[in-house]
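Below, each chain spelled out in residue letters.
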Amino acid sequence: MNKNAESRARRLFAGVNSSLSRTDPEFVEIISNFSQDETANANILTEKERMLCILAALLGCQGMGEFQNMLHAALNIGVDPVAIKETIYQATAYLGIGRTCDFLIAANGIMEQHGVRLPLAPQASTNEETRFERGLAKQVELFGPDMAKRQTDGPALRRNINRWLADNCFGDYYTRKGLSLAQRELITFCFLMAQGGCEPQLIAHAKGNINMGNEEQFLIKIIMHCLPYIGYPRSLNAVECVHKAMES
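Just so it is clear, the model here is predicted, and its values are computed rather than measured.

**A word on helix α10 (residues 159-174)**
- In the structure, α10 departs most strongly from a straight axis at Leu165, where the bend amounts to approximately 35 degrees.
- Taken together, the buried positions of α10 are Asn162, Ala166, Asp167, Cys169, Phe170, Gly171, Tyr173 and Tyr174.
- Buried residues along α10 sit in contact with α6 (81-95), α8 (131-143), α9 (146-153), α11 (181-195) and α12 (199-211).

Dropping the structure here:
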């Protein structure tokens, strides 16, 4: 392992126990040099940006083992537990309860190991009366006024789903505190990128990111930092989706 990767890994993964260094030292050297030096230093992000995007990508690709390692790393360098919890909560809208519940349970155990007192402070800012209206307002802010028309002009068979997108996906999650709207749209981009098979939604959320100031160059940086964790095919698909978002 080169010196840069070794120094960074020592700082990030203090307290993480892994048998791979003993059983597969060459593999560990390859992935450490690539993920903790070559890509980590290619395009500098803040540690919070990098960690939240990687955690979101690992949720998207269901990488439980590495998610736990990176969660230790995120807490070791001081990423706010509220931001981490909000990332997991919001993933449920895009991945489903079946794919996030185990990650939330694992995260709780790791947070308690790090001395984080649970439950964290409440972050909700809506209630049953306001979640639809405020969720729809977030959709309009991200994607434009046509989002409001979908509630009245969309196909009858989709009206329940369209309403749930407003009151649940956006009203229950995007209105919460702990992450900015731009940060929430960025982690959604990572969920979709890593999940794969969601290219139409990924293009739409690339546009949403661009509307929030997460411009093309920044999104490409995010893809580069997530690439070691999700592989080349989904990363290249994401690059193409960003280009299509810019062209449309």
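**A short note on the environment of Glu47**
- Looking at where Glu47 falls in the secondary structure, it is placed in helix α4 (residues 47-61).
- Glu47 sits in the partly exposed class, given a relative accessible area of 26%.
- With 27 residues separating them along the chain, Glu47 and Ala74 place their C-alpha atoms 8.2 Å apart.
- Each residue touching Glu47, except ones within four places of it in the same chain, is listed here: Arg8, Arg11 and Ile77.
- A distance of 3.5 Å separates a polar atom in the side chain of Glu47 from a polar atom in the side chain of Arg11.

**Looking at empty space enclosed by the protein**
- Applying the stated criterion across every chain, the model contains one cavity of 30 Å³ or more.
- Within this model, the largest cavity holds a volume of roughly 30 Å³.
- Lining the largest cavity, in full, are Gln139, Met147, Arg150, Gln151, Asn162 and Leu165.
- Breaking the lining of the largest cavity down by element, the ones donating at least two residues are α9 and α10.
- The biggest single contributor to the lining of the largest cavity is α9, with three residues.

**So, helix α3 (residues 25-38)**
- Spanning 14 residues, α3 covers 18 Å between terminal C-alpha atoms, matching the ideal 20 Å at 1.5 Å per step.
- Of all bends in α3, the biggest is about 25 degrees, found at Ser32.
- Those residues of α3 that fall on the buried side of the exposure criterion are Val28, Ser32, Asn33, Ser35, Gln36 and Asp37.

**Focus on the environment of Asn4**
- Assignment of secondary structure puts Asn4 in helix α1 (residues 3-12).
- Each C-alpha atom, one on Asn4 and one on Ser32, is 9.6 Å from the other, the two residues being 28 residues apart in sequence.

**What about the pattern of salt bridges?**
- A complete count under the given rule lists nine salt bridges for this structure.
- For Arg184, the salt bridge is made with Glu86, and the minimal N-O distance between the two is 2.8 Å. Taken as a pair, Arg184 in helix α11 and Glu86 in helix α6 lie far apart in primary sequence, 98 residues in all.
- Residue Arg184 is classed as buried on the basis of its relative accessible area of 0%.
- Overall, Glu86 belongs to the buried group, its relative accessible area being 2%.
- Here Lys149 and Asp146 are joined by a salt bridge, their closest N and O atoms 3.7 Å apart. In this pair, Lys149 and Asp146 both sit in helix α9, three residues apart, roughly one turn of the helix.
- You can call Asp146 partly exposed: its relative accessible area is 49%.
- Salt bridges here are not isolated pairs; linked through shared partners, they connect Glu128, Arg131, Asp167 and Asp172.

What counts as what
- Residues numbered from 1 in each chain as written.
- Predicted model: local features only at pLDDT ≥ 70, side-chain atom pairs only at ≥ 80, totals over all residues.
- Heavy atoms only, no water.
- Bend = angle between axes of the 7 residues up to and from the residue.
- Helix = DSSP H or I, 4+ residues; strand = E, 2+ residues; numbered from the N terminus.
- Buried < 20%, exposed > 50% of the residue type's maximum accessible area, 1.4 Å probe, protein only.
- Contact = heavy atoms within 4.5 Å.
- Polar contact = N/O pair within 3.5 Å; in protein donor to acceptor, adjacent residues only side chain to side chain.
- 1 Å grid on protein atoms, 1.4 Å probe; cavity = no way out; pocket = protein on both sides within 12 Å on 5 of 7 lines; lining within 4 Å.
- Points joined across faces, edges and corners; volume = space filled by probe spheres on them.
- Expected span 1.5 Å × (residues − 1).
- Salt bridge = Lys/Arg side-chain N within 4 Å of Asp/Glu carboxyl O.

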